[in-house]
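Structural overview for review
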Amino acid sequence: MNQIMKIIKLSAALIFAAVMVSCNVAGNSSTTTESGEAEKVSPSDYSGIAYIRMDTLIHSYGMFIDLSDEFNKKGKSVEADLTQRSRSFEKEAIDFQDKVQKNLVTRYQAQTMEEGLQKKQQDLVAFRDNALASLQQEEAVMMNKISTVVMDFLKTYNAEKKYSVIFQSTANNPILIADPALDITEDVLKKLNEQYLAGKDVKK
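The structure contained in this document is the topic of the report that follows. Just so it is clear, the structure is predicted and the values come from calculations on it, not from any experiment. (Residues numbered from 1 in each chain as written. Predicted model: local features only at pLDDT ≥ 70, side-chain atom pairs only at ≥ 80, totals over all residues. Heavy atoms only, no water.)

Further remarks concern the pattern of salt bridges. Any two side chains of opposite charge can pair, so long as their charged atoms come close to each other. By the definition in use, this model includes 13 salt bridges. Ionic pairing is found between Lys102 and Asp98, a salt bridge with its closest N-O pair at 3.4 Å. Using a relative accessible area of 51% as the deciding quantity, one classes Lys102 as exposed. With a closest N to O distance of 3.0 Å, Arg128 and Asp129 form a salt bridge. You can call Asp129 partly exposed: its relative accessible area is 37%. Salt bridges here are not isolated pairs; linked through shared partners, they connect Arg53, Asp183 and Glu186. (Salt bridge = Lys/Arg side-chain N within 4 Å of Asp/Glu carboxyl O. Buried < 20%, exposed > 50% of the residue type's maximum accessible area, 1.4 Å probe, protein only.)

In structure tokens form, the structure reads like this:
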């Protein structure tokens, strides 16, 4: 049961390869004003380098949220089914032990009932393993689908922005030090969600 719930709770970080897109290098390093104060910089001021906080992007992406809700419903349904089957088996096993202890069945009947319970236990374990495997496969397909959409979007996005390289930052693999001006997460997320919502409206 705990194994199923662990599968239901999606991993906090979706691992993407760094997005490397060849393009014209734009801009130079940051400059200072006559007073010596640093001017506000943009990603293009760093030779076309930018980064995305991938955890934030994925978990705030409408497609991820919608597909996660569907996946969680399936997971809860599987959990409920497994719970019901387990309780039914447990009840039958207790009933069998009670009959044996009270000598309400013959040795042959007890042996037949015990073999039947063993078969049901094996079926229950097989159901659990198959359910877990199915959920894992569905999760992998879901994450691959999201990954493909995001990567395709970034290619289109970068065709306009023309960054030389876009790095990712995740909780497990963070960018240790970077100017916040290089962070394009919010802009990408805004446009990504706009694209997703527009697609949902078209389907309606």
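There is more to say, and it comes next.
Right, let's get into the environment of Lys145. Secondary-structure assignment places Lys145 in helix H4 (residues 107-161). The exposure class assigned to Lys145 is partly exposed, which follows from its relative accessible area of 44%. In this structure, the C-alpha to C-alpha distance between Lys145 and Phe64, residues 81 residues apart in sequence, is 9.5 Å. When sequence neighbours within four positions are dropped, the list of residues in contact with Lys145 reads Met63 and Leu67. (Helix = DSSP H or I, 4+ residues; strand = E, 2+ residues; numbered from the N terminus. Contact = heavy atoms within 4.5 Å.)

Another aspect to go through is helix H3 (residues 62-101). Taking 1.5 Å per residue as the helical rise, H3 with its 40 residues ought to reach 58 Å, and the 58 Å between its terminal C-alpha atoms agrees with that figure. The positive-phi residue at the C-terminal boundary of H3 is Asn103, with phi of around 55°. (Expected span 1.5 Å × (residues − 1).)

The interhelical angle for the contact between H3 and H4, taken along N-to-C directions, is 175°, at an axis separation of 11 Å. Accordingly, the angle class assigned to the pair H3 and H4 is roughly antiparallel. Of the residues assigned to the contact of H3 with H4, the class counts are 21 nonpolar, four polar and 11 charged. (Axes fitted to C-alpha atoms, helices over the stretch in contact; angles between N-to-C directions. Parallel < 35°, antiparallel > 145°, perpendicular 65-115°, else oblique. Nonpolar A, V, L, I, M, F, W, Y, C, P; charged D, E, K, R; others polar.)

Turning to the nonpolar core, a few remarks are in order. In a soluble, globular protein the nonpolar side chains are often hidden away together inside. Residues Ile52, Leu57, Tyr61, Ile146, Val150, Ile184 and Val188 are the most contacted members of the largest nonpolar core, which totals 27 residues. Mapped onto this core, the elements with two or more residues apiece are strand E2 (49-53), helix H2 (54-59), H3, H4 and helix H5 (185-203). What Leu57 contacts, discounting residues up to four positions off in sequence, is Ile52, Val150, Thr185, Val188, Leu189 and Leu192. Among the nonpolar cores identified, the runner-up in size contains six residues, and Leu82, Phe96, Ala110 and Leu117 belong to it. (Core = buried A, V, L, I, M, F, W, Y, C linked by side-chain atoms within 4.5 Å.)

It is worth spelling out unusual backbone geometry at this point. Residues other than glycine seldom take positive phi values, yet Asn103 does so here, at roughly 55°. Mapped onto the elements of the fold, Asn103 is located in the loop between H3 and H4. Positive phi, normally seen in glycine, also occurs at Lys162, with a value near 60°. In this structure, Lys162 sits in the loop between H4 and strand E3 (165-169).

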